[in-house]
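Observations on the three-dimensional arrangement
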Amino acid sequence: SIVDYRPRTTLVTAEHPVPKAKFPVIDSHNHTTITAGNIDQMIAEMDALNLRVMVNLSGGGAAAVKQKVDFIRGTKYADRFRVFANVDWNNADGPGWGDRAGADLEQALKNGAVGLKIAKNLGMQSRKTDGSRLHVDDPHLKPIWDLCARLNIPVLIHTAEPQEFFSPLDMHN
């Protein structure tokens, strides 16, 4: 259980805690959805850290991005948050996938997304129609790469995990 969890670090480095940034910073890798229930607390915590902008990389598709961005724009903190879109990579070799995925990404950007975040599911869990693993460099993904280049948007990609993700689960991992 979480009560018994005693993780061990696999990182070997000196610690240099910085409780507050000297200059305003951007958290460019976050997965927190901002809601009416957490926005004031998030702003207070961000201010305490001198965190100027938080970027949610889990925006989702066009409809989900619209919901998140519309909420943020309707608050007095509209300048403090950004949202990235995501693509559903499953069945990328299926008929029409490139057109559908590209159209959804383009709409997500029109809805306020500022880039594309590619999560670790691409290369680890996403599958082709025959059930085989979809590789990050699969030619079927070219329509998405071409769209991102044409629109000149940032793309953040997460393609690997630390060794501990593949070690047995126990109270230390």
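Residues numbered from 1 in each chain as written. Predicted model: local features only at pLDDT ≥ 70, side-chain atom pairs only at ≥ 80, totals over all residues. Heavy atoms only, no water.

This part takes up the pattern of salt bridges. Going through the model one piece at a time under the given rule, you end up with 6 salt bridges. Measuring nitrogen to oxygen at the nearest pair gives 2.8 Å for the salt bridge that ties Lys128 to Asp138. Of this pair, Lys128 sits in the loop between strand E4 (116-118) and helix H4 (142-151) while Asp138 is found in the loop between E4 and H4, placing the two residues 10 residues apart along the sequence. Accessibility expressed as a relative area gives 21% for Lys128, which makes it partly exposed. With relative accessibility at 8%, the residue Asp138 sits in the buried group. (Salt bridge = Lys/Arg side-chain N within 4 Å of Asp/Glu carboxyl O. Helix = DSSP H or I, 4+ residues; strand = E, 2+ residues; numbered from the N terminus. Buried < 20%, exposed > 50% of the residue type's maximum accessible area, 1.4 Å probe, protein only.)

Turning our eyes to something else, we now look at the environment of Gly98. Position of Gly98 relative to the elements: it lies in helix H3 (residues 97-110). Spatially, the C-alpha atom of Gly98 lies 6.9 Å from that of Ile144, the residues being 46 residues apart in sequence.

So, about unusual backbone geometry. Positioned with a positive phi, Asn50 is a non-glycine residue whose angle comes to about 65°. Residue placement: Asn50 occurs in the loop between helix H1 (39-49) and strand E2 (51-56). Residue Asn91 is not a glycine yet carries a positive backbone phi of 60°. Within the secondary structure, Asn91 is located in the loop between strand E3 (81-83) and H3.

On to H4, then. All of the buried residues along H4 are Ile144, Leu147 and Cys148. The buried residues of H4 occupy an angular sector of 95° when projected down its axis, which confines them to one face. Opposite the buried face of H4, by more than 90 degrees, sit the exposed residues Ala149 and Arg150. Taken together, the buried residues of H4 touch H3, E4 and strand E5 (155-157). A positive phi of about 55° marks Asn152, the residue just after H4. (Arc of directions from axis to C-beta. Contact = heavy atoms within 4.5 Å.)

We now examine the sheet that holds E2. Here we have 3 strands laid out as an open sheet, ordered E1-E2-E3, and parallel in their pairing. Each edge of the sheet is formed by a strand with only one pairing partner; in this case those strands are strand E1 (25-30) and E3. Each strand of the sheet is rotated relative to its neighbour by a mean of 20°, with strand direction disregarded. Relative to E3, E2 is paired through 3 bridges, and the arrangement is parallel. Of the residues in E3, the one forming a bridge with Asn56 is Val83. Strand contacts of H1: E2 and E3, with the helix running at about 130° to E2, the strand carrying the most contacts. The strands that helix H2 (residues 62-73) touches are E2 and E3; relative to E3, the one it contacts most, it runs at about 165°. (Pairing = 2+ DSSP bridges. Axes fitted to C-alpha atoms, helices over the stretch in contact; angles between N-to-C directions.)

Honestly, it's all geometry; don't read function into it.
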